[in-house]
Amino acid sequence: MAPSNNNNNNNPNDTLKDFIARNPAARYTFDSERDAPQSEICREGRDRECILLQMTSKQLFAAMQENGFFCALPMDPTRTHMECTPIPKS
(Lines give C-alpha, C1' and ligand atoms only; values in the text may rest on other atoms or scores of the structure.)
Protein backbone atom coordinates (compact mmCIF):
# COMPACT_ATOMS: atom_id res chain seq x y z
CA MET A 1 0.00 0.00 0.00
CA ALA A 2 1.35 3.45 -0.89
CA PRO A 3 2.01 5.68 2.10
CA SER A 4 -0.45 8.44 2.80
CA ASN A 5 1.13 11.80 3.36
CA ASN A 6 0.63 13.80 6.52
CA ASN A 7 -0.57 16.91 4.65
CA ASN A 8 -2.92 18.16 7.32
CA ASN A 9 -1.96 20.87 9.78
CA ASN A 10 -1.78 18.45 12.71
CA ASN A 11 1.29 18.10 14.83
CA PRO A 12 3.23 15.02 13.60
CA ASN A 13 3.20 13.64 17.18
CA ASP A 14 -0.62 13.79 17.19
CA THR A 15 -0.77 12.12 13.78
CA LEU A 16 1.53 9.36 15.06
CA LYS A 17 -0.60 8.85 18.20
CA ASP A 18 -3.76 8.59 16.07
CA PHE A 19 -2.05 6.08 13.75
CA ILE A 20 -0.90 3.93 16.69
CA ALA A 21 -4.28 4.17 18.44
CA ARG A 22 -5.94 2.28 15.57
CA ASN A 23 -3.94 -0.84 16.55
CA PRO A 24 -1.70 -0.32 19.59
CA ALA A 25 -0.75 -4.01 19.80
CA ALA A 26 0.67 -4.13 16.26
CA ARG A 27 4.31 -4.21 15.24
CA TYR A 28 5.50 -1.04 13.50
CA THR A 29 8.48 -0.41 11.24
CA PHE A 30 9.96 2.87 10.10
CA ASP A 31 12.66 3.99 7.74
CA SER A 32 14.08 7.16 6.25
CA GLU A 33 17.18 8.46 4.57
CA ARG A 34 19.91 9.74 6.88
CA ASP A 35 18.97 13.18 8.27
CA ALA A 36 15.85 13.32 6.05
CA PRO A 37 13.12 15.64 7.39
CA GLN A 38 10.42 12.99 6.96
CA SER A 39 10.08 9.30 7.78
CA GLU A 40 7.74 6.54 6.69
CA ILE A 41 6.14 4.42 9.42
CA CYS A 42 4.20 1.27 8.66
CA ARG A 43 1.81 -0.87 10.68
CA GLU A 44 2.76 -4.45 9.85
CA GLY A 45 0.30 -7.27 9.48
CA ARG A 46 -2.16 -8.71 7.00
CA ASP A 47 -3.12 -5.23 5.78
CA ARG A 48 0.12 -3.24 5.89
CA GLU A 49 -0.56 0.49 6.18
CA CYS A 50 2.04 3.28 5.95
CA ILE A 51 2.09 7.03 6.49
CA LEU A 52 4.71 9.73 6.00
CA LEU A 53 5.48 11.96 8.97
CA GLN A 54 7.41 15.20 9.07
CA MET A 55 9.87 13.81 11.61
CA THR A 56 13.48 12.72 11.36
CA SER A 57 14.20 9.09 12.19
CA LYS A 58 15.69 10.21 15.53
CA GLN A 59 12.50 12.12 16.39
CA LEU A 60 10.34 9.16 15.37
CA PHE A 61 12.47 6.76 17.43
CA ALA A 62 12.00 8.96 20.52
CA ALA A 63 8.27 9.42 19.84
CA MET A 64 7.74 5.65 19.55
CA GLN A 65 9.50 5.12 22.89
CA GLU A 66 7.31 7.82 24.46
CA ASN A 67 4.27 5.93 23.14
CA GLY A 68 5.33 2.70 24.88
CA PHE A 69 7.27 0.88 22.15
CA PHE A 70 10.66 -0.81 22.13
CA CYS A 71 12.48 -0.11 18.85
CA ALA A 72 15.56 -1.87 17.51
CA LEU A 73 17.27 -2.83 14.28
CA PRO A 74 16.15 -6.18 12.85
CA MET A 75 18.35 -9.26 13.29
CA ASP A 76 19.07 -9.35 9.53
CA PRO A 77 22.17 -7.13 9.03
CA THR A 78 21.12 -6.31 5.44
CA ARG A 79 17.97 -4.54 6.68
CA THR A 80 18.19 -0.91 7.81
CA HIS A 81 14.67 -0.14 9.03
CA MET A 82 13.69 0.00 12.70
CA GLU A 83 11.19 -2.46 14.18
CA CYS A 84 9.02 -1.34 17.09
CA THR A 85 6.99 -3.61 19.33
CA PRO A 86 4.74 -2.55 22.21
CA ILE A 87 6.25 -2.89 25.66
CA PRO A 88 3.97 -5.13 27.77
CA LYS A 89 2.27 -3.26 30.57
CA SER A 90 2.76 -4.89 33.98
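The preceding data block contains the structure.
Just so it is clear, the structure is predicted and the values come from calculations on it, not from any experiment.

J.: Summarise the packing of aromatic side chains; cite the residues concerned and give the values.
T.: Per the stated rule, a full pass over the model turns up two aromatic pairs. A ring pair is formed by Phe-19 and Tyr-28, whose centres lie 5.8 Å apart and whose planes are at 65°; its orientation type is edge-to-face. Both residues of the pair, Phe-19 and Tyr-28, count as buried. Sitting above the plane of the Phe-19 ring, Arg-43 keeps its charged end 4.1 Å from the centroid.

J.: I'd love a proper account of the pattern of salt bridges, names of residues and values included.
T.: Applying the stated criterion across every chain yields a total of four salt bridges. Two residues, Glu-49 and Arg-22, come together in a salt bridge whose shortest N-O distance is 3.0 Å. Highlighted residues: Glu-49 in strand β4 (residues 49-53) and Arg-22 in the loop between α1 (12-21) and β2 (28-31), separated in sequence by 27 residues. Salt-bridge contacts for Arg-43 lead to Glu-49; the nearest nitrogen and oxygen are separated by 2.8 Å. Here Glu-49 falls in the partly exposed class, since its relative accessible area comes to 23%. Each member of the salt-bridge network shares a partner with another, and the members are Arg-22, Arg-43 and Glu-49.

J.: Account for the side chain of Thr-29, naming residues and giving values.
T.: Looking at the secondary structure, you find Thr-29 in strand β2. Look at Thr-29 and you get buried, because its relative accessible area is 6%. Here Glu-44 takes part through its side chain, which lies 2.6 Å from a polar atom of the side chain of Thr-29. If we ignore the near neighbours within four places in the chain, the residues touching Thr-29 are Glu-40, Ile-41, Cys-42, Glu-44, Arg-48, His-81, Met-82 and Glu-83.

Rules used in this analysis
- Residues numbered from 1 in each chain as written.
- Predicted model: local features only at pLDDT ≥ 70, side-chain atom pairs only at ≥ 80, totals over all residues.
- Heavy atoms only, no water.
- Phe/Tyr/Trp six-rings, centres within 6.5 Å; stacked < 30°, edge-to-face > 60°.
- Buried < 20%, exposed > 50% of the residue type's maximum accessible area, 1.4 Å probe, protein only.
- Lys NZ or Arg CZ within 6 Å of the ring centre and 35° of its normal.
- Salt bridge = Lys/Arg side-chain N within 4 Å of Asp/Glu carboxyl O.
- Helix = DSSP H or I, 4+ residues; strand = E, 2+ residues; numbered from the N terminus.
- Polar contact = N/O pair within 3.5 Å; in protein donor to acceptor, adjacent residues only side chain to side chain.
- Contact = heavy atoms within 4.5 Å.

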